[in-house]
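# Summary of the model geometry
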Amino acid sequence: MFTTPRLVLIALCAALNVAVGSIVYLLKLPIYLDSIGIILCALLLASDRWAGFVCASIAGTISCVIIFLLVNPFFIWFEMTVLAIALISVLLTARFTGLFQARPLPHGKFVTIVLLCGVVTGVVSAIVSAPVVAYLFGGVTGSGSAFVVAFFLKTGQKLLDAAVLSGLTADPIDKILQVLFAALLYRATPADFIAMLATPPTASAARAA
Amino acid sequence: MTPNGAAIFVAVMLAGALVASEPIGFSLLYAVIAAFALVEVGLRTFAALARSALVVLPLAVFMALVWVGFVGRSPAEIAAGVPGTRVASATYVVVVCLRLFLIVLATQLVTLRFERLTPLQFICALRIPTTAKRLLALTLSLSETLRHAVERARTALIAAGVITRRPSLRNIINGWMLVQTVWLSAITIAVGRMRDKWPIEGTLSRLDDLFQRAQPQSLGSGDAIWLLLGAGAAAFGIGIGIA
Amino acid sequence: MARQLITGPNFSGRSDALRVRLTAGGPAFFVGPYAEAALSGLASTAADELSVYRADTVPQRAPFAPLDFEACADRKPQSLSGGEQVLLALQCFSQSTYGAIGIDTALEQLDGSNRPQAIDFLSQLDAGEVTLIDNRMAAPPPGWSSTACTRGTPGFGCDLAGLMAGLGTRAAPRIVIRDLDFRYRRGVDVFTGAALTLEPGHAYRLFGRNGAGKTTLLKILVGVLAPGRGEILLDDQPCAPWRHGNETFALATQNPDHQWCGATLREDVGRRRAVLKTSVDASRVSDQQIAAAAQKLGIASLDQHLYELPLAARKRLSWLWPLSGVMPWIMLDEPTVGQDRDTCTVLAAALAVFCRHGYGVLFVTHDDEFAGQVPHRMVSIENRRMSTS
């Protein structure tokens, strides 16, 4: 499972999450962009779904820990969301790698698939995150989506409802953007790197040793 | 202080920060970290304070605006369905910010304490399994690879006029191109090493030889003092929370 | 001790033959093309790089330590120049227990002093194997054998004359650099009060030892680096590319992968074209023109993924933007590294054409044979100053 190329991929995808996610968090935008690496990892390991899920989850977990230590004290509690995004990416988004790599890109189909995958990922992410947001943090974490939750609370919604509604407002938009960026990065990745990732462990371990 | 002691000390302070739930519970933790800064880091403490403030202040302002200014009650009060008070919400904001500040400050201070050691030297000094050392070295080397990739990408895009050296609207509009170029640079550097240099040389096993040659330092009396102080402060935080 | 030079034109399978030879026995030390392929990537300082390779037992070979190690021990390997990184790699090999070493064109980046030292060091090794690919070596040194590769990969031509067929005349601006001071953040002074005048219609060769500041000057001119002091004048008008952007220089970097702005040729050129100030300039690099030019280099489609091309083909493709004539000055940093002699001759002819059409040419090379084919003026960079001859 853990060949050197895959270890390198995990680290790079975690770094991508940390870099982009931290900037968005510090700017207090009502989106996150902190899971592009998870989705990208799943796309790059589309040929081996189990490896894709495990590596994407590890990349997400590493970025969770780093962001928690350095920038966002709430982040570590969203580990379940990380796993959910990894799962959806492997089961759904990674099915369309052929489309993402097509040259020329069929724009209509591409946009449709990105919207579909983004919305599904966003809805699942919102539902999984809502209890954490509601019961651990009273609906308000340090990200810009706190404004949305606060708005719903002020309109008289109950806490969990406000958290879910906030998630369903912000998450699909956020995840559409993340699927789009991940797909474009996947499209730009050279084929020989993707081939290295798909190599069975014994062959590449012998080469890397 | 040894690298092993420092790693455990940060873990203890982290645990203490996570379990403390009242502002007073942080008092001993902050006292220990202040003593550590004075004894082990000296004047460089101001750099750590500045960096930590840079991370925490925006969060503090944001949370104060939302929690105290807008919501007006704490999470516990919201969950209990009671009207709540701004004082309670302010206390919550203070606790969260104290926690993050302590975590970031502790990490910064330990980094500065050992800034004379390179990452590889630090890893060599740790008493952890060789596999863990190898993973750690690989991860840290990739952070250097990423920094190098960012520099390469900036060179390419600035030379072509796609982005500017200084902050600009063009950089925001073309920011995506920088991300893509950094990704491609990092991948290409990594692929080159993984396809040629590392397999031909067995470079990663050279690391294992280096780790085996290194003499990790055992915990010393200095480590023991800091660990006891840190554990004591964490226990105080737990006690206050229970009380 | 077996010492072998692998010869042959580009795309004849030399790099594959080198790898086959190296992997036939046990682990061997490898110095690939360009700086990033020379070092392990595991160390954050030059001293650490050495410690990764240093053996417990004293190696049975003479040490090779051309670098001023005290000055660069704490520096990041990536902050060293390309030639310095190759020298560091050779120093690591000299202190290791590897019995064999393979070098893929890396010695071409070494200056006139370091290169003979490196070849002498390799020639005097007592035990093990040395395998070298070097386009600047017409014949193997004494005591070396050679093996020729002839397998050809079709498709990567180099018709630069055809590529530049529609090149018109251009009045490139005169460039004056005055009182230039530059130091890197780590306190390494590169230029102190340096001055230089570059006239259009001429080619200038930037010459100096490894690490003298040649690439640094190119980066200042395209605006990547900002000098601490000094001014640049274009036709007597002040110009600050680090502040206002680069509108004058088309740069081909030493490592071609340091200049791509996209994943495909279409993306790369499209992004560069989008920031051009005039439609006249943009019309020189339309998709049709670039596609036609790329075909002269054996690239069939604008949607070719740049990083999936062989390195030698990427190097030639890196000349496309400068040779399109879209900018009045072209700058080429070590353009002949990894290129066979025939290609170097073709490139030299192309640069001479550019000068005749009024463009300005600035090139960095340690390859005296290539430089001799381009009528040029010499700019020496030495002791943090520049002088023209």
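Residues numbered from 1 in each chain as written. Chains lettered and ligands numbered in written order. Predicted model: local features only at pLDDT ≥ 70, side-chain atom pairs only at ≥ 80, totals over all residues.

## Notes on the overall build of chain B
The condition that has to hold: Each helix corresponds to a stretch of at least 4 residues labelled H or I by DSSP, and each strand to a stretch of at least 2 residues labelled E; elements are numbered beginning at the N terminus. In this treatment the radius of gyration is a C-alpha quantity, and the globule benchmark scales as 2.2 Å times the residue count to the 0.38 power. In this scheme the burial state of a residue depends on its C-beta neighbours within 10 Å: 20 or more other such atoms mean buried, 12 or fewer mean exposed, and anything in between means partly exposed; the C-beta positions come from the backbone. By the convention adopted here, residues make contact when the C-beta atoms placed from their backbones lie within 7 Å.
Secondary structure summary: chain B contains 11 helices and 0 strands in total. Walking chain B from its N terminus toward its C terminus, one meets helices and strands in the order α-α-α-α-α-α-α-α-α-α-α. Here the C-alpha radius of gyration of chain B, 23 Å, is well above what a compact globule of 243 residues would show, namely 18 Å. Expressed as lengths along the three principal axes of its C-alpha atoms, the size of chain B is roughly 65 × 55 × 35 Å. Counting all 243 residues of chain B, 44% fall into the buried class. Considering only contacts in chain B between residues 6 or more positions apart, those separated by 24 or more positions represent 75%.

## What to know about the domain arrangement of chain C
Residues and elements named next belong to chain C. Filter applied, for reference: An automatic or database domain assignment provides the domain bounds reported here. Here the term charged refers only to Asp, Glu, Lys and Arg, the term nonpolar to Ala, Val, Leu, Ile, Met, Phe, Trp, Tyr, Cys and Pro, and the term polar to all other amino acids, Gly among them.
Taken as a whole, chain C is organised into domain 1 (2-148) and domain 2 (160-388). Contact residues are listed per partner, giving 21 residues for domain 1 and 20 residues for domain 2. Sorting elements by how many residues they give to the side of domain 1 that touches domain 2 places helix 4 (residues 82-94) first, with 4 residues. The class makeup of the residues in the side of domain 1 that touches domain 2 is 6 nonpolar, 10 polar and 5 charged.

## Observations concerning the interface of chain C and chain B
Many authors give the size of an interface as the accessible area that is lost as the parts come together. At the interface, 41 residues of chain C touch 38 residues of chain B. Going through the elements one at a time, helix 1 (14-24), strand 2 (29-31), helix 2 (46-53) and helix 9 (265-274) of chain C are the ones with two or more residues in the side of chain C that touches chain B. The biggest single contributor to the side of chain C that touches chain B is helix 2 of chain C, with 4 residues. Tallied by class, the residues present in the side of chain C that touches chain B amount to 20 nonpolar, 13 polar and 8 charged.

## Structural notes on the environment of D235 of chain C
Residues and elements named next belong to chain C. Here D235 is to be found in the loop between strand 9 (229-234) and strand 10 (237-239). A residue is classified by how many C-beta atoms lie within 10 Å of it, and D235, with 12 of them, is exposed. It is 9.0 Å that separates the C-alpha atoms of D235 and A172, two residues lying 63 residues apart in sequence. Once residues lying within four places of it in the same chain are set aside, the contact partners of D235 are P173 and R174.

## Considering the interface of chain A and chain B
Counting residues at the interface gives 35 residues for chain A and 37 residues for chain B. Ranked by residues supplied to the side of chain A that touches chain B, first place goes to helix 1 (residues 4-26) of chain A with 8 residues. Tallied by class, residues from the side of chain A that touches chain B come to 27 nonpolar, 5 polar and 3 charged.

## Some points on the packing of helix 7 (residues 130-159) of chain B against helix 10 (residues 203-213) of chain B
Each packed pair of helices is defined by two parameters, the angle between the axes and the distance between the axes. Residues and elements named next belong to chain B. Basically, it comes down to this: The axes are straight lines fitted to the C-alpha atoms, using for helices just the contacting stretch, and the angles between their N-to-C directions are given from 0 to 180°. Each angle receives one of four descriptions, namely roughly parallel if under 35 degrees, roughly antiparallel if over 145, roughly perpendicular if within 65 to 115, and oblique otherwise. Here a crossing is taken to be left-handed if its near helix is turned anticlockwise relative to the far helix by less than a right angle, and right-handed if that turn runs clockwise.
For the pair helix 7 and helix 10, the least separation of the axes is 10 Å and the interaxial angle reads 120°. Looking at the two axes, helix 7 sits oblique to helix 10. For the pair helix 7 and helix 10, the sense of crossing is right-handed. In this structure, helix 7 contributes T130, K133, R134 and A137 to the contact, and helix 10 contributes L204, L207, D208 and F211. Of the residues in the contact of helix 7 with helix 10, the class split is 4 nonpolar, 1 polar and 3 charged.

## Here we look at the domain arrangement of chain B
Assigned domains within chain B: domain 1 (3-123 + 217-242) and domain 2 (128-213). Here the C-alpha centre of domain 2 of chain B lies 31 Å away from the C-alpha centre of domain 1 of chain B.

## A word on the sheet that holds strand 4 (residues 129-133) of chain C
Residues and elements named next belong to chain C. Under the convention used in this document: Pairing between strands is defined by DSSP: at least two bridges between the two strands are required.
As summarised here, the arrangement of the 5 strands in space is 2-3-4-1-5, forming an open sheet in which the pairing is parallel. Only two strands of the sheet have a single neighbouring strand rather than two, namely strand 2 and strand 5 (145-148). For this sheet the average axis-to-axis angle between neighbouring strands, irrespective of direction, equals 15°. With 4 bridges joining them, strand 1 (residues 2-7) and strand 4 adopt parallel strand pairing. Note that in strand 4 the partner of Q4 across the bridge is T131.

## Overview of the sheet that holds strand 12 (residues 329-333) of chain C
Residues and elements named next belong to chain C. One open sheet holds the 6 strands; their spatial order is 11-12-13-8-14-15, and the pairing between them is mixed. Each of the sheet's edge strands pairs with one partner strand only, and the pair in question is strand 11 (249-252) and strand 15 (385-388). Taking the axes of each pair of neighbouring strands and ignoring which way they run, one obtains an average angle of 20° across the sheet. In this fold helix 7 (residues 214-221) packs onto strand 8 (203-207), strand 11, strand 12, strand 13 (360-364) and strand 14 (377-382), with an angle of close to 145° to the strand it touches most, strand 12.

## Re the confidence of the model for chain C
Cut-off, in case you're wondering: A residue's pLDDT is simply how confident the predictor is in it, with values from 0 to 100.
Per-residue confidence for chain C averages 91 on the pLDDT scale, and 98% of its residues sit at or above 70. With pTM at 0.86, the complex prediction returns an ipTM value of 0.91.

## Let's talk about the pairing of strand 11 of chain C
Residue and element names in this part refer to chain C. Going residue by residue along strand 11, you find F249 and L251 tucked away on one face and A250 and A252 tucked away on the opposite face as well. Pairing of strand 11 with strand 12 involves 4 bridges; the strand directions are parallel. Bridged to L251 within strand 12 is M331.

## Overview of unusual backbone geometry
Residues and elements named next belong to chain A. Residue R103 is joined to P104 through a cis peptide bond whose omega torsion reads 0°. Topologically, P104 is positioned in the loop between helix 5 (97-101) and helix 6 (107-136). Positive phi, close to 50°, is recorded for L33, a residue that is not glycine. Take L33: it is sitting in the loop between helix 1 and helix 2 (36-44). For L33, a count of 20 C-beta atoms within 10 Å puts it in the buried group.

## Some points on helix 2 (residues 27-41) of chain B
Residue and element names in this part refer to chain B. Under the convention used in this document: In this analysis, the expected span of each helix is defined as 1.5 Å times one less than the number of residues it contains.
Under the 1.5 Å per step criterion, the end-to-end length of helix 2 is 20 Å for 15 residues, consistent within 8% with the ideal 21 Å. L28, L29, V32, I33, F36 and A37 are the residues of helix 2 that are buried. On its buried side, helix 2 packs onto helix 1 (3-19), helix 3 (45-71), helix 5 (86-113) and helix 11 (221-242).

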